[in-house]
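Observations on chain architecture
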Amino acid sequence: MESLPRYGFTRVTARYWFQQAMLTLTTIMMFLYLGATALVVAAGQFQWSSFWLAVGLIFVVERLVTVWSNGPGGRAWAALVLPEMIYDLILMAAFVTKESRARPRTTTVAPGVCARCRRSFVPG
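Our subject in this report is the structure included herewith. (Residues numbered from 1 in each chain as written. Predicted model: local features only at pLDDT ≥ 70, side-chain atom pairs only at ≥ 80, totals over all residues. Heavy atoms only, no water.)

This brings us to the overall build of the chain. Assigned secondary structure in the chain consists of five helices and zero strands. Secondary structure elements of the chain occur, N-terminal to C-terminal, as α-α-α-α-α. Split into buried and exposed, the 124 residues of the chain put 9% on the buried side. Taking the contacts inside the chain whose residues are at least 6 apart along the sequence as the reference set, 38% of them involve residues at least 24 apart. Approximately 10400 Å² of the chain is accessible, and the part contributed by carbon and sulfur atoms is 68%. (Helix = DSSP H or I, 4+ residues; strand = E, 2+ residues; numbered from the N terminus. Buried < 20%, exposed > 50% of the residue type's maximum accessible area, 1.4 Å probe, protein only. Contact = heavy atoms within 4.5 Å. Areas by Shrake-Rupley, 256 points an atom, 1.4 Å probe, with all protein chains shown as cover.)

Quick look at the packing of aromatic side chains now. A complete count under the given rule lists two aromatic pairs for this structure. With a centroid separation of 5.2 Å and 80 degrees between ring planes, the pair formed by Phe46 and Trp48 is classed as edge-to-face. On the basis of relative accessible area, Phe46 is assigned to the partly exposed category, the value being 45%. A ring pair is formed by Phe51 and Trp52, whose centres lie 4.8 Å apart and whose planes are at 75 degrees; its orientation type is edge-to-face. (Phe/Tyr/Trp six-rings, centres within 6.5 Å; stacked < 30°, edge-to-face > 60°.)

As a further point, take helix α2 (residues 14-42). An ideal rise of 1.5 Å per residue puts 42 Å on 29 residues; α2 measures up with 42 Å between its terminal C-alpha atoms. When we look at burial in α2, the residues that qualify are Gln20, Thr27 and Met30. In the core, the buried residues of α2 are packed alongside α1 (4-7) and α5 (81-102). With its phi angle positive at about 75 degrees, Gly44 sits one or two positions after the end of α2. (Expected span 1.5 Å × (residues − 1).)

Now for the side chain of Thr13. Within the secondary structure, Thr13 is located in the loop between α1 and α2. A relative accessible area of 7% places Thr13 in the buried class. A distance of 2.8 Å separates a polar atom in the side chain of Thr13 from the backbone nitrogen of Thr10. With near-sequence residues (within four places) excluded, Thr13 lies in contact with Leu4, Tyr7 and Gly8. (Polar contact = N/O pair within 3.5 Å; in protein donor to acceptor, adjacent residues only side chain to side chain.)

Below is the structure:
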């Protein structure tokens, strides 16, 4: 991500800009989802929904079908959605940390001083 602004938006970098945008959107949506769920639980309004349980079951079945050829061990891990969700949260936290550190810092530098190395130079 640090080099994307340097290259700008071109046909070559468009794919990478899109990946970063989708990663950002996914991260925002996951933390909004977790926050909303925590608020509902804290308010004592949580209740199970048959519809959403069925949707979740469809996703678990799809995961099992996808890894069926990996044997019983692969199927067991695929059936457990929670470890993958925890792993995704760790990756998202790393992404947020990276983004917070990658933002350019603006500093005021006196005329005739290199902004990167803080050494004086004579323009010419």
